[in-house]
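Working through the structure, step by step
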Amino acid sequence: MTTLRAFTCDDLFRFNNINLDPLTETYGIPFYLQYLAHWPEYFIVAEAPGGELMGYSAAALMLCMFSVMGKAEGSVAREEWHGHVTALSVAPEFRRLGLAAKLMELLEEISEKKGGFFVDLFVRVSNQVAVNMYKQLGYSVYRTVLEYYSASSGEPDEDAYDMRKALSRDTEKKSVIPLPHPVRPEDIE
């Protein structure tokens, strides 16, 4: 049986099987520790019965807000307090089991409890498997962010979709009305 639990510092030394996927953004240890210190409720792992990590998410609730590594951010006054999905990754051998959907559901529940208006995330435009999964989970493309992802090996930078899902506090669904034009990374608040 899969166990969903809080991410711990020890997990930093156990999640390479998840992070070594080419579509997974990886960060330095200080970045993960910052999320763990500031938004521990948004940092969740899925663990197999044998103790192997199957996936994780990180999010934040941002005073603009949100992942399964995530955070909360944004402005309540401007109705931008939201949960932000910073990272969602499932090891290849554990995909298509519904883990990503379950991790996202947990993050959405946390964001609801914290009074968020919506949950957002960024995903590579080329990652159609992820884009389609997020659409199935109720997310829609809010805007395109030009050259959001840095390219490697001399290729051009890649655009991202900023995808959002309105939460119950956004009764008029204002947070998911798509912008008519793309933006640049420096234009994101």
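Residues numbered from 1 in each chain as written. Predicted model: local features only at pLDDT ≥ 70, side-chain atom pairs only at ≥ 80, totals over all residues. Heavy atoms only, no water.

As recorded in an unreviewed UniProt entry, the protein goes by N-alpha-acetyltransferase 20 and comes from Dicaeum eximium. Check the Subunit (unreviewed entry) section of the UniProt entry for the protein; it says "Component of the N-terminal acetyltransferase B (NatB) complex which is composed of NAA20 and NAA25." Under Sequence similarities (unreviewed entry), UniProt gives the following word-for-word description of the protein: "Belongs to the acetyltransferase family. ARD1 subfamily." (UniProt positions renumbered as here; feature names shortened; annotations may be inferred.)

Quick look at the environment of P182 now. With respect to the helices and strands, P182 occurs in the segment after β8 (158–166). Through-space distance from the C-alpha of P182 to that of Y142 is 9.7 Å; in sequence the pair is 40 residues apart. Residue contacts for P182: discarding those within four places in its chain leaves T144 and L146. (Helix = DSSP H or I, 4+ residues; strand = E, 2+ residues; numbered from the N terminus. Contact = heavy atoms within 4.5 Å.)

Within the secondary structure layout, L146 lies in strand β7 (residues 140–149). The partly exposed category is assigned to L146, whose relative accessible area is 26%. With 11 residues separating them along the chain, L146 and D157 place their C-alpha atoms 8.4 Å apart. Filtering out sequence-adjacent residues up to four positions away, L146 remains in contact with D159, P182, V183, R184 and P185. (Buried < 20%, exposed > 50% of the residue type's maximum accessible area, 1.4 Å probe, protein only.)

Scanning all chains against the criterion turns up 8 salt bridges. Two residues, R184 and E186, come together in a salt bridge whose shortest N-O distance is 3.5 Å. A single network of salt bridges, built from pairs that share partners, joins R143, D162 and R164. (Salt bridge = Lys/Arg side-chain N within 4 Å of Asp/Glu carboxyl O.)

A few words on the packing of aromatic side chains. Applying the stated criterion across every chain, the model contains 3 aromatic pairs. Plain terms: the ring middles of F122 and Y148 are 4.7 Å apart, the flat faces sit at 15° to each other, and that makes the pair stacked. Of this pair, F122 sits in strand β6 (residues 118–124) while Y148 sits in strand β7, and the two are 26 residues apart along the sequence. When the centroid spacing of 6.0 Å and the interplanar angle of 70° are considered together, the rings of Y134 and Y139 count as edge-to-face. A relative accessible area of 7% means that Y134 is categorised as buried. What makes Y139 buried here is its relative accessible area of 3%. Taken together, the ring pairs connect F122, Y148 and Y149 into an aromatic cluster. The aromatic ring of Y149 is capped on one face by R124, whose charged end is 4.3 Å from the ring centroid. The ring of Y142 has R164 lying over it, and the distance from NZ or CZ to the ring centre is 3.6 Å. (Phe/Tyr/Trp six-rings, centres within 6.5 Å; stacked < 30°, edge-to-face > 60°. Lys NZ or Arg CZ within 6 Å of the ring centre and 35° of its normal.)

Below, the discussion takes up the pairing of β6. For β6, a buried count of 7 out of 7 residues is recorded, marking the element as mostly surrounded by other parts of the structure. Direction of pairing for strand β5 (residues 82–90) relative to β6: parallel, over a ladder of 4 bridges. If you follow H82 over to β6, its bridge partner there is F118. As for the winding sense of the linkage, the β-α-β connection from β5 through helix α3 (residues 99–113) to β6 is right-handed. (Pairing = 2+ DSSP bridges. Right-handed = clockwise from strand over helix to strand, strands pointing away.)

Attention shifts here to the nonpolar core. By size, the foremost hydrophobic cluster in this structure holds 35 residues, and its most contacted members are L121, V123, Y134 and M163. Looking at this core, the elements that each hand over two or more residues are α2 (29–38), β2 (44–47), β5, α3, β6, α4 (128–136) and β8. Not counting residues up to four positions away in its chain, the partners in contact with Y134 are L88, M104, L121, V123, Y139 and M163. If you look at the next biggest cluster of nonpolar residues, it comprises 5 residues, including F122, V145, A160 and V183. (Core = buried A, V, L, I, M, F, W, Y, C linked by side-chain atoms within 4.5 Å.)

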